[in-house]
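An overview of the molecular structure
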Amino acid sequence: MSSAREIYRSRPISFWIKLTISSSFMLIAFPASSLLSRVYFTNGGKSKWIISWVAVAGWPLTALFLLPLYLFLRTSPTPLSLNISLCYILLGFLSAADNFMYAWAYAYLPASTASLLASSSLAFSALFGFMIVKNKLNLSSINAVVLITIGAIIIALDSDSDRFPGVSNSQYTLGFILDIVGSALHGLIFALSELVFVKILGRRSFHVVLEQQVMVSFFAFVFTTIGAVVSEGFGAIKTEAKNFKAGELSYYMVLGWSAVTFQLGVFGGTAVLFLASTLLAGVLNAVRVPITSIAAVIFLHDHMGGFKIMSLVITVWGFGSYMVAHSVKGT
């Protein structure tokens, strides 16, 4: 507790407000986006390109937050050098690929298996953060990683079935592999984003968080749009809407709210990287795994057993271990 108080006093109150809001976006918006993706496929949605495109189609929402900063607070936009532009293009491509891989995972994998594999992004975040950004890995960090990973594994042990009805062996295997690769990409994106802040943009002002999200999401939108056009994914929207089990209006609401919640989640993750580190972003990303499961029980009436309750307790324990014993400044 004494160490926690010292950490708290070392930062201004505005820092903790921003970090709390950003973390809340990650822990609320990302699970909501995951549930909406599941609702999409459960009710008859089939296009991986559509659900991937929707994830980045909401990029103008973040741009709206930037306009008041430019117009009323006289904040100057960050000049776009060649290095910054190339970084945004690379991160945009990786984000587009990451979203597409997760779309395949949600289409073919059971919830417990998908959660288990997605939780591996924490290990990848810690690994890439250590290798690329030179973040420190102390005992409290390792303890948090181990506890949260165990919590996610326990969720997988509570599975009632191995796969969805109608999913072939090849589809299941493909979804399994792409989920792991997507989790690795997620950790790599976290590390590279922090590297951009540290080496190129600098931690000058919070508005650079918004600028990076706008540009990365824009390029991800461009790449995903090209893929959707080439694969003729947009042509399936009207057909899917008419055949959607919950109704045509519900179909468009699912897509619309998926765009909003995903952008809020990405904003939260990018802000945590700016304010703290890749490792904390990875920890929060893993914490949302049991939160998503609990939310699925409440809103989608998924089965809730003792394993999931135990997983939630262990995950919160790991999260608390990181927040109390690990200095944000030292990550």
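None of the values given here were measured: they were computed from a predicted structure.

1. Some remarks on the overall build of the protein
A count of helices and strands for the protein gives 14 helices and 0 strands. What you see in the protein, going N to C, is helices and strands ordered as α-α-α-α-α-α-α-α-α-α-α-α-α-α. Going through the 331 residues of the protein one by one, you find that 51% of them count as buried. The contacts of the protein with a sequence gap of at least 6 include a subset with a gap of at least 24, amounting to 87%. Of the accessible surface of the protein, which amounts to about 15,500 Å², a share of 71% is contributed by carbon and sulfur atoms.

2. Comments concerning the packing of helix H3 (residues 48–57) against helix H12 (residues 248–275)
Close contact between H3 and H12 brings their axes to 7 Å; oriented N to C, the two are set at 50°. What the angle tells us is that H3 and H12 run oblique. Where H3 crosses over H12, the two elements pack in a sense that is right-handed. Packed against H3, whose contacting residues are Ile-50, Ile-51, Val-54, Ala-55 and Val-56, the element H12 presents Tyr-251, Leu-255, Ser-258, Ala-259, Phe-262 and Gln-263 at the interface. The residue makeup of the contact of H3 with H12, split by class, is 9 nonpolar, 2 polar and no charged.

3. A few points about the nonpolar core
Counting residues in each nonpolar core, the largest one holds 46 residues, and the members touching the most others are Leu-19, Phe-197, Phe-206, Val-209, Val-272 and Phe-274. For this core, the elements supplying multiple residues, two or more each, are helix H2 (13–42), helix H5 (82–108), helix H8 (139–156), helix H9 (169–201), helix H10 (207–230), H12 and helix H13 (278–299).

4. Points about the packing of aromatic side chains
Taken as a whole, this structure holds 17 aromatic pairs when the rule is applied. Ring geometry for Tyr-40 against Tyr-251: centres 6.2 Å apart, planes inclined by 40°, an arrangement best described as tilted. Residue Tyr-40 is located in helix H2, and its partner Tyr-251 is located in helix H12; the two are separated by 211 residues in the primary sequence. Plain terms: the ring middles of Trp-59 and Phe-218 are 5.1 Å apart, the flat faces sit at 70° to each other, and that makes the pair edge-to-face. Placement of the pair is Trp-59 in helix H4 (residues 59–71) and Phe-218 in helix H10, with a sequence separation of 159 residues. Among the aromatic residues, those joined into a ring-pair cluster are Trp-53, Trp-59, Phe-218, Phe-219, Phe-221 and Phe-234. Its end group placed over the ring of Trp-104, Lys-48 keeps NZ or CZ at 4.5 Å from the ring centre.

5. Notes on the side chain of Lys-48
Checked against the element boundaries, Lys-48 lands in helix H3. With no salt bridge to any partner, buried Lys-48 finds its closest opposite charge in Glu-240, at an N-O distance of 8.7 Å.

6. Regarding a nonpolar patch on the surface
Among the surface-exposed residues, Leu-127, Phe-130, Met-131, Leu-137, Leu-139, Ile-142, Val-146 and Ile-150 lie close enough to one another that they form a single nonpolar patch of about 740 Å² accessible area. Of all elements in the fold, only helix H7 (120–132) and H8 reach the threshold of two or more residues within the nonpolar patch. Looking at the nonpolar patch, the element that brings in the most residues is H8, giving 4 residues. Along the polypeptide, Ile-142 turns up in helix H8. For Ile-142, a relative accessible area of 42% translates into the label partly exposed.

7. Some remarks on the environment of Gly-45
The residue Gly-45 is located in the loop between H2 and H3 in this model. Separated by 200 residues in the primary sequence, Gly-45 and Lys-245 have C-alpha atoms spaced 9.2 Å apart. If we skip the residues at most four places from it in the chain, Gly-45 touches Tyr-40, Glu-240 and Phe-244.

8. Points about the confidence of the model for the protein
Scored by pLDDT, the protein has a mean of 81; 85% of the residues are at 70 or more. A low-confidence stretch, residues 327–331 (pLDDT under 50), is modelled with 15 contacts involving residues beyond four sequence positions or located in other chains.

9. Some thoughts on H2
Over its 30 residues, H2 extends 43 Å from the first C-alpha to the last, a length consistent with the 44 Å expected when each residue adds 1.5 Å. Residue Gly-44 follows H2 closely and has a positive phi angle near 110°.

10. Let's talk about the environment of Arg-288
Position of Arg-288 among the secondary structure elements: in helix H13. The class for Arg-288 is buried, based on a relative accessible area of 11%. Contacts of Arg-288, omitting those with residues within four sequence positions, involve Met-26, Leu-27, Phe-30, Pro-31 and Ser-34.

Reading the values: the criteria
Residues numbered from 1 in each chain as written. Predicted model: local features only at pLDDT ≥ 70, side-chain atom pairs only at ≥ 80, totals over all residues. Heavy atoms only, no water. Helix = DSSP H or I, 4+ residues; strand = E, 2+ residues; numbered from the N terminus. Buried < 20%, exposed > 50% of the residue type's maximum accessible area, 1.4 Å probe, protein only. Contact = heavy atoms within 4.5 Å. Areas by Shrake-Rupley, 256 points an atom, 1.4 Å probe, with all protein chains shown as cover. Axes fitted to C-alpha atoms, helices over the stretch in contact; angles between N-to-C directions. Parallel < 35°, antiparallel > 145°, perpendicular 65-115°, else oblique. Left-handed = near helix turned anticlockwise from the far one by under 90°. Nonpolar A, V, L, I, M, F, W, Y, C, P; charged D, E, K, R; others polar. Core = buried A, V, L, I, M, F, W, Y, C linked by side-chain atoms within 4.5 Å. Phe/Tyr/Trp six-rings, centres within 6.5 Å; stacked < 30°, edge-to-face > 60°. Lys NZ or Arg CZ within 6 Å of the ring centre and 35° of its normal. Lys, Arg positive; Asp, Glu negative; His and termini not counted. Salt bridge = Lys/Arg side-chain N within 4 Å of Asp/Glu carboxyl O. Patch = residues over 30% accessible without salt bridge, like charges linked within 9 Å, V, L, I, M, F, W, Y side chains within 5 Å. pLDDT = per-residue confidence, 0-100. Expected span 1.5 Å × (residues − 1).

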